[in-house]
Amino acid sequence: MRQSAVRLGMLAALALAAPIGAQISVPSTPPPQTRAGGSITARPPAGPVPHKPNGQPDLAGVWLRRAGIVNITQLLPPGEKMPFLPETLRRMRSLKSQDDPQLKCLPLATPRSAPYPFRIVETPAQVFILTESVHAYRQVFMGRMHPPADELQLTWQGHSIGRWEKDTLVVDTVGFNDLTWFDNYGHLHSDRMHVVERFTRADLGHLAVAMTIDDPGAYSRPFTLRYTAELIPNGELMEYICDNEQDAANIDAPADAAIDAAKLLGQ
Amino acid sequence: MKRQPLARRLATIAIALPLASAAISAHHSFAAQYDATKPVEMRGTVTKVEWTNPHARIYIDVRDDTGQTANWNFEMASPNILVRNGWKQNTVRIGDRITVSGYLARKGEHMAIAGAVADATGKPIFASDPTDVGR
């Protein structure tokens, strides 16, 4: 079954590769549908970076991040540690696993990801990042500025503006509330968080993403998280309505972050 | 702790499943909700399938050695992850006799997380790929 899935995935990749190579984001002929939502066991397709008619890399596609879901530190450079401020450790020390906003079906904020794909859609004035998890979307306003500080609303996903630097889409986001966690572990942030994401299509099947977190309200210095997302051949976003959450009521345990924060605080 | 004797009676085979079992999801911390030291395998009849997020759930009636029947709630991965691994909404139907292996919940009564599912003949009907996301 797995071999069959891989073969189907490769066929799907070939079907997808030709029109993208021709600088067309949407295939003129619908590719064969092999599995609803696409297969996540298929390997990402190989090939060169596709480009839009204006010469910029085409980031369109359904992408899957596999790393750093449970614990964001998996995305740090080897040996690097999170630069917690003492107050952040004190906040983390009291966290309960069942208090994770994700267990209330609330939105996830960058840099957090669930193990579900996202789709990038580009228009001249906006880039949309559609996330399957909790059916959310992000709007990236190209070539614009953030609102003045007194007009900036603090929201779950913040306010994002974008620009191209050579072959990299740079997304700058501020205006987060302080209610989300970075991961299941329980890493926290403040509402002063500023995130700069850099999306670079490495080849047809891979999207390199670097996220620099500058949050003077929670961390003593900026730090950068990196992952490579994989293109899901024939990928489609699927419905994800979180209408049957039973876990929060059946968990009564400290968050992993609480246990480690207590150790770091010497308690 | 009160559950453990019952679980032992129900566990027709207690096997050391690897932690990376099929339905262990990134939706929540595995260790916070389930006990990796209490693997179970249960045979029973499907009474309900919930094809929902954040988790699909299979409910099965399981009879223990004393003849008592209890309805167990097995947490699966999300439908989205199951489908992308080849599972279908009707892969398991009400009335099917299945065998489910997994781990007991720490808190919820008659709750467990499913690792692998086999049909009445013992043929695996869900075996997740170790490279799947969501674990």
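Residues numbered from 1 in each chain as written. Chains lettered and ligands numbered in written order. Predicted model: local features only at pLDDT ≥ 70, side-chain atom pairs only at ≥ 80, totals over all residues.

This part is about the overall build of chain A. The helix and strand tally for chain A stands at three helices and nine strands. Starting at the N terminus, the α and β elements of chain A follow one another as α-β-α-β-β-β-β-β-β-β-β-α. Looking at chain A as a whole, 41% of its 267 residues are labelled buried. Long-range pairs, those at least 24 residues apart, make up 65% of the contacts in chain A with a sequence separation of at least 6. (Helix = DSSP H or I, 4+ residues; strand = E, 2+ residues; numbered from the N terminus. Buried ≥ 20, exposed ≤ 12 C-beta atoms within 10 Å, placed from the backbone. Contact = placed C-beta atoms within 7 Å.)

For the rest of this paragraph, the subject is helix H2 (residues 86-93) of chain A. Regarding H2 of chain A, the residues found buried are Thr 88, Leu 89, Arg 91, Met 92 and Arg 93 of chain A. Check the buried side of H2 of chain A and you find it contacts helix H3 (256-264) of chain A.

Among soluble globular proteins, nonpolar side chains are generally buried collectively. Counting 47 residues, the largest nonpolar core has Trp 63, Met 92, Leu 207, Ile 213, Ala 257 and Ala 258 of chain A as its most contacted members. What Trp 63 of chain A contacts, discounting residues up to four positions off in sequence, is Pro 117, Phe 118, Ile 120, Leu 207, Ala 229, Glu 230 and Leu 231 of chain A. Ranked by size, the runner-up nonpolar core spans 26 residues in total, among them Phe 30, Ile 60, Val 100 and Tyr 103 of chain B. (Core = buried A, V, L, I, M, F, W, Y, C linked by C-beta atoms within 7 Å.)

Okay, the pairing of strand S3 (residues 69-75) of chain B next. Residue and element names in this part refer to chain B. Where strand S2 (residues 57-63) and S3 come together, seven bridges link them in antiparallel fashion. Within the sheet, the bridge partner assigned to Ile 60 lies in S3 and is Trp 72. Taken together, S2 and the strand that follows it, S3, pair antiparallel across an intervening segment of five residues, in which Gly 67 is found at a positive phi of about 90°. Here S3 runs beside strand S5 (residues 111-118); their pairing, made up of three bridges, is parallel. The residue bridging Glu 75 from the neighbouring strand is Ile 113, located in S5. (Pairing = 2+ DSSP bridges.)

All names here are of chain A. An order of S1-S2-S3-S4-S5-S6-S7-S8-S9 is seen for the nine strands of this closed barrel, with the pairing classed as mixed. For this sheet, the mean inter-axis angle between neighbouring strands, taken without regard to orientation, is 30°. In this structure, strand S2 (residues 118-122) lies alongside strand S3 (residues 126-131), joined through five bridges in antiparallel fashion. Each bridged residue has a counterpart across the sheet, and for Arg 119 the counterpart in S3 is Leu 130. (Axes fitted to C-alpha atoms, helices over the stretch in contact; angles between N-to-C directions.)

What follows covers H3 of chain A. Residues and elements named next belong to chain A. Turning to H3, its buried residues number three or more, namely Asp 256, Ala 257, Ala 258 and Ala 261. Looking at the buried positions of H3, the neighbouring elements they touch are H2. Gly 266 sits one or two residues past H3 and shows a positive phi near 75°.

So, about the confidence of the model for chain B. Residues and elements named next belong to chain B. Put simply, chain B has an average pLDDT of 77, and 73% of its residues get 70 or more. Here residues 1-25 is a poorly scored stretch, pLDDT under 50, and it has 55 contacts once near neighbours within four places are set aside; other chains count. Overall, residues 127-135 carries pLDDT values under 50, and its contacts beyond four positions in sequence, including any with other chains, amount to 24 contacts. Interface confidence for the predicted complex, expressed as ipTM, amounts to 0.80; the pTM equals 0.83. (pLDDT = per-residue confidence, 0-100.)

Turning our attention to the environment of Arg 106 of chain B. Residue and element names in this part refer to chain B. Mapped onto the secondary structure, Arg 106 falls in the loop between strand S4 (97-105) and S5. Judged by the 17 C-beta atoms lying within 10 Å of it, Arg 106 is partly exposed. For the pair Arg 106 and Tyr 59, spaced 47 residues apart in the sequence, the C-alpha separation amounts to 18 Å.

Residue and element names in this part refer to chain A. The sheet contact formed by strand S5 (residues 159-165) and strand S6 (residues 168-174) spans seven bridges and is antiparallel. Residue pairing across strands places Trp 164 opposite Leu 169, the latter belonging to S6. Between S5 and S6, which follow one another and run antiparallel, lie two residues, and Lys 166 among them has a positive phi close to 55°. Two elements, S6 and strand S7 (residues 194-203), share six bridges in a ladder whose sense is antiparallel.

Residue and element names in this part refer to chain A. Residue position: Thr 131 is located in strand S3. C-alpha separation for the pair Thr 131 and Ala 114, spaced 17 residues apart in sequence, amounts to 9.1 Å. With near-sequence residues (within four places) excluded, Thr 131 lies in contact with Phe 118, Ala 136 and Tyr 137.

A few words on the environment of Arg 119 of chain A. All names here are of chain A. Looking at where Arg 119 falls in the secondary structure, it is placed in strand S2. As for Arg 119 and Ile 129, which are separated by ten residues in sequence, their C-alpha atoms are 5.7 Å apart. When residues no more than four places from it in sequence are discounted, the contact partners of Arg 119 are Val 62, Leu 130 and Leu 237.

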